[in-house]
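# Working through the structure, step by step
Okay, here's what each chain looks like letter by letter:
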Amino acid sequence: MCGIVGYLGKGIAQDSLIDGLRRLEYRGYDSAGVAFHEGNAFSMTRETGRVKNLANLVKRKSSKSSLGIAHTRWATHGSVTVSNTHPHVSHDGKFVMVHNGVIENFGTFKRFLTNKGIKFSSETDSEVLCNLIAYHYSELPDGDDRFVDAIRQALPKCRGAYGVAVLCLDYPDTMIGARRGSPLVVGLGDDANFIASDASAFVGRAKEAVFLNDGELAILNGSDFRITNLEGQEAQAVALPVDQISEEVELGDFDSYMEKEIYEQPTALKNTLRGRFGDDGTTSKLGGLEGHDEVLRDLDRIIFVACGTARHACMVGEYLIERLARVPVEVEHASEFRYRNSPKAGKSLVIAVSQSGETLDTLEAVRESKTKGLLTLGITNVVGSSLARETDGGVYQRVGPEIGVASTKAFSSQVCLCAMLGLALGRMRDLSPMDGQSIVEALNQLPGLVAQVLQQGEQIRELAIKYSKAEHLLFLGRQSLYPVALEGALKLKEISYAHAEGYPAAELKHGPIALINPECPSVFIVEGSDLSAKTIANMQEVKARNGPVLAIAPHSVEIPEEAADDVFLLPDSHEVVRPILANLPLQLFAYHFARLRGLDVDKPRNLAKSVTVE
Ligand code: F6R
């Protein structure tokens, strides 16, 4: 949610900043801007639209500055205009700042500063914060620490979330970053250091990354840096190598990250699974859960908290874990859980699932759970993310960076990890070694089966061509395929803007069937169990009302000719991996459907990856 990158080094800042913005563009692409310290003033360039618009302008100006900050915006306060675009400069021209997050009490500061005669040129909370820092600076005596002290005085007054990078005209060799709620990371290179909202911004330019914790400041001065808290005490800086995230962020031969990430799934899942089974081949072994055996063995309830696609993965997890381990599972919208006083029942475990590990709603749900004394575990893809750091334990997805705004490979690996967790918990209870073994085998076969389904991509493209005129679609499935129906509908609507709804197949007759007409196709995801006969009956109900039907079904399930207009066949598989396989054609369907409409699938309107505001 908005991307920040700052450069302080020996070279020219411009190229690193524009390159960083391009890599961060998935976080927001309403507008972008850059500011350079030019000795006696800041030079600013800001433009609405994509980073490429900004890049053209910046290239023409060709700044030689070696200190600058840049931002790509996902609008929160104020519409998409040049004046609302970051960076924001203070009224006296002394400070320039980029900001992610939302300052909830900015109105109070705005009134205070307006009464002091300060005029604002944007509608943003960020410009207010920049001026608040400038105000405190004006009240402080001269000295080496005046810049950092002004920030230390302003930030504790703010309610809400921030990740900021700030420059001061009087300090031509200093850049300061601070975070609370919005991620921020320092990149350390040979010739330059960076501040960014995520490490992909400085891949190839920095060797090490230091992730800031909430309430910390990073003070970059020349080639030195230090981390302190807001009170000025030194904090520990743990540097991680950056090369692990390296070229995985390159697009290669693909047209879009979404397509690349869909086709990466066989490898991604191999990585999720690698080395995570017990030696006897009947259970899974998740390192991040070690040390919690006693709690896991004794659980009364699991509460999943997550948002969007990650929540759909948890819903699949609910079916799988209840089936394998017989532990009651609840899945909560993280944003709702936080404000709901859910009763403390028995021994509960909270599992937060988030690809980015930075979704604020999910993090707040974790914080609320910890306040209540609950054990929290995280499933996340991003090493060093806030979720990874704030939970009591957890598991990494290991699928490599997911850049496409529409989550694809992350969903598959989250479901896979839920199945592995169900297996581990089941084997601690009454799941037999034989059942355990067959699940281990099914999981090991998963990457191969995924590759097999993806090879049928052309058939999905043809189906997408056939149905691409539809403006309303229904997605229907039962049991663990019901969340897959929800996910199929979400994927389609978020990137193609067609209206799509997911329902449990049997719910159709309780309302949604009223929507059925020849212009409203229904996509049925058919199980390979006894229930498939019931789903086929639901398909026939749609056909009887002249609704087009596309069925996604395992090979061995016979779909009567009169029940579906089109059938996409999946390989027969174990029930624990079926939701992952069934979701693949839906990912591809959404992808082609949107492309056929000429849309940019990686940057759907109004969306951004990693939502770090409430
Ligand atoms: C949909 C999508 C979103 C995210 C949601 C949670 O394709 O990507 O619904 O799943 O914003 O994000 P994470 O998993 O980063 O917490």
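Residues numbered from 1 in each chain as written. Predicted model: local features only at pLDDT ≥ 70, side-chain atom pairs only at ≥ 80, totals over all residues. Heavy atoms only, no water.

### Some details on the packing of aromatic side chains
Tallying each qualifying case throughout the model produces eight aromatic pairs. An aromatic cluster is defined as three or more aromatic residues linked by ring pairs; in this entry it consists of F95, Y137, F147 and Y171. Note that K110 overlies the ring of F120, its terminal NZ or CZ placed 5.3 Å from the centroid. The ring of Y137 carries R146 above its face, with NZ or CZ at 4.0 Å from the centroid. (Phe/Tyr/Trp six-rings, centres within 6.5 Å; stacked < 30°, edge-to-face > 60°. Lys NZ or Arg CZ within 6 Å of the ring centre and 35° of its normal.)

### Points about helix α7 (residues 265-273)
Residues of α7 that are buried: Q265, P266, A268, L269, T272 and L273. Considered in projection along α7, the buried side chains sweep an arc of 160° and stay on one side of the axis. Turning to α7, the residues buried within the fold contact α6 (257-263), α13 (409-428), α14 (433-454) and α18 (578-596). Where α7 terminates, the next one or two residues include G275, which has phi positive at roughly 70°. (Buried < 20%, exposed > 50% of the residue type's maximum accessible area, 1.4 Å probe, protein only. Helix = DSSP H or I, 4+ residues; strand = E, 2+ residues; numbered from the N terminus. Arc of directions from axis to C-beta. Contact = heavy atoms within 4.5 Å.)

### Concerning the site of the ligand
Around the ligand sit 13 residues, and of these S354, Q355, S356, T359 and E494 come closest. Within the backbone of T309, a nitrogen or oxygen atom sits 3.1 Å from an oxygen atom of the ligand. Measuring from an oxygen atom of the ligand, one finds a backbone N or O atom of Q355 at 2.7 Å. Surface burial for the ligand is 88%, taken as the share of its 400 Å² of free accessible area covered by protein chains. Put simply, the parts of the chain that give the shell around the ligand at least two residues each are α9 (308-325) and α16 (481-496). Split by residue class, the shell around the ligand holds four nonpolar, seven polar and two charged. (Near = heavy atom within 4 Å. Polar contact = N/O pair within 3.5 Å; in protein donor to acceptor, adjacent residues only side chain to side chain. Areas by Shrake-Rupley, 256 points an atom, 1.4 Å probe, with all protein chains shown as cover. Nonpolar A, V, L, I, M, F, W, Y, C, P; charged D, E, K, R; others polar.)

### Observations regarding the sheet that holds strand β8 (residues 174-180)
The six strands lie next to each other as β5-β6-β7-β8-β12-β13, forming an open sheet whose pairing is antiparallel. Pairing within the sheet leaves two strands with one partner each, and these edge strands are β5 (88-89) and β13 (224-229). Packing against the sheet, helix α4 (residues 125-139) makes contact with β5, β6 (95-100) and β7 (162-168), and its axis sits at approximately 140° to β6. Contacting β6, β7, β8, β12 (216-221) and β13, helix α5 (residues 146-154) runs over the sheet at an angle of about 165° to β12. (Pairing = 2+ DSSP bridges. Axes fitted to C-alpha atoms, helices over the stretch in contact; angles between N-to-C directions.)

### What about the environment of S16?
Tracing the chain through its elements places S16 in helix α1 (residues 13-24). Classification of S16 by relative accessible area gives buried; the value is 5%. S16 sits 429 residues away from Q445 along the chain, and the two C-alpha atoms are 43 Å apart. When residues no more than four places from it in sequence are discounted, the contact partners of S16 are Y7, F194 and R205.

### Observations concerning the domain arrangement of the protein
Domain annotation for the protein reports domain 1 (3-247), domain 2 (251-454) and domain 3 (456-608). One C-alpha centre belongs to domain 1, the other to domain 2, and the line joining them spans 34 Å. Of the roughly 880 Å² buried between domain 1 and domain 2, counting both surfaces, carbon and sulfur atoms make up 55%. For the interface between domain 1 and domain 2, the tally reads one salt bridge. Counting across the domain 1 and domain 2 interface gives four residue pairs in polar contact (both at pLDDT 80 or more). (Domains from an automatic or database assignment. Buried area = accessible area lost by both parts, 1.4 Å probe. Salt bridge = Lys/Arg side-chain N within 4 Å of Asp/Glu carboxyl O.)

### Some details on the state of the cysteines
One pass over the full model with this rule turns up zero disulfides. With no disulfide of its own, C2 lies 16 Å from the sulfur of C130, the closest cysteine sulfur. C416 carries a free sulfur, and the closest cysteine sulfur to it, the one in C418, is 9.3 Å from it. (Disulfide = S-S within 2.5 Å.)

### Focus on α16
If you check α16, its first and last C-alpha atoms are 22 Å apart, about what 16 residues at 1.5 Å a residue would give, namely 22 Å. Counting buried positions along α16 gives 15 out of 16 residues, so the element sits mostly inside the fold. Directly after α16, the chain includes Y497, whose backbone phi takes a positive value near 65°. (Expected span 1.5 Å × (residues − 1).)

### Some thoughts on the nonpolar core
The biggest cluster of nonpolar side chains holds 89 residues, and the ones touching the most others in it are I302, F304, I351, L443, F475, L492 and F589. Examining the composition of this core, we find that eleven residues originate from one element, α18, more than from any other. Residue-level mapping places this core at the junction of two domains, with at least three residues from each of domain 2 (251-454) and domain 3 (456-608). Other than its neighbours up to four places away in sequence, L492 contacts L473, F475, Y497, A498, A500, F589, A590 and F593. F95, I118, A150 and C168 belong to the second-largest nonpolar core, a separate cluster that totals 34 residues. (Core = buried A, V, L, I, M, F, W, Y, C linked by side-chain atoms within 4.5 Å.)

### Notes on the pairing of strand β19 (residues 393-396)
Alternating residues of β19 divide into G393 and V395, all buried, and G394 and Y396, none buried. The pairing of strand β18 (residues 375-380) with β19 spans four bridges and is parallel. Pairing of T380 across the sheet is with Y396, part of β19.

### Description of the side chain of N538
Looking at the secondary structure, you find N538 in helix α17 (residues 532-543). Its relative accessible area of 3% is what places N538 among the buried residues. Filtering out sequence-adjacent residues up to four positions away, N538 remains in contact with R478, A505, A506, L508, K509 and F524.

### Topic: the sheet that holds β18
As summarised here, the arrangement of the five strands in space is β16-β15-β17-β18-β19, forming an open sheet in which the pairing is parallel. A strand with exactly one partner marks an edge of an open sheet, and here the two such strands are β16 (329-333) and β19. Going from strand to strand, the sheet's axes swing by 20° on average, the running direction of each strand aside. By the bridge criterion, six bridges tie strand β17 (residues 348-354) to β18 in an arrangement that is parallel. Paired with V353 across the bridge in β18 is I379. Its contacts with the sheet put helix α11 (residues 360-371) on β15 (301-306), β17 and β18, and the angle it makes with β17 is roughly 165°. α13 contacts β15, β17, β18 and β19 of the sheet and is inclined by roughly 160° relative to β17.

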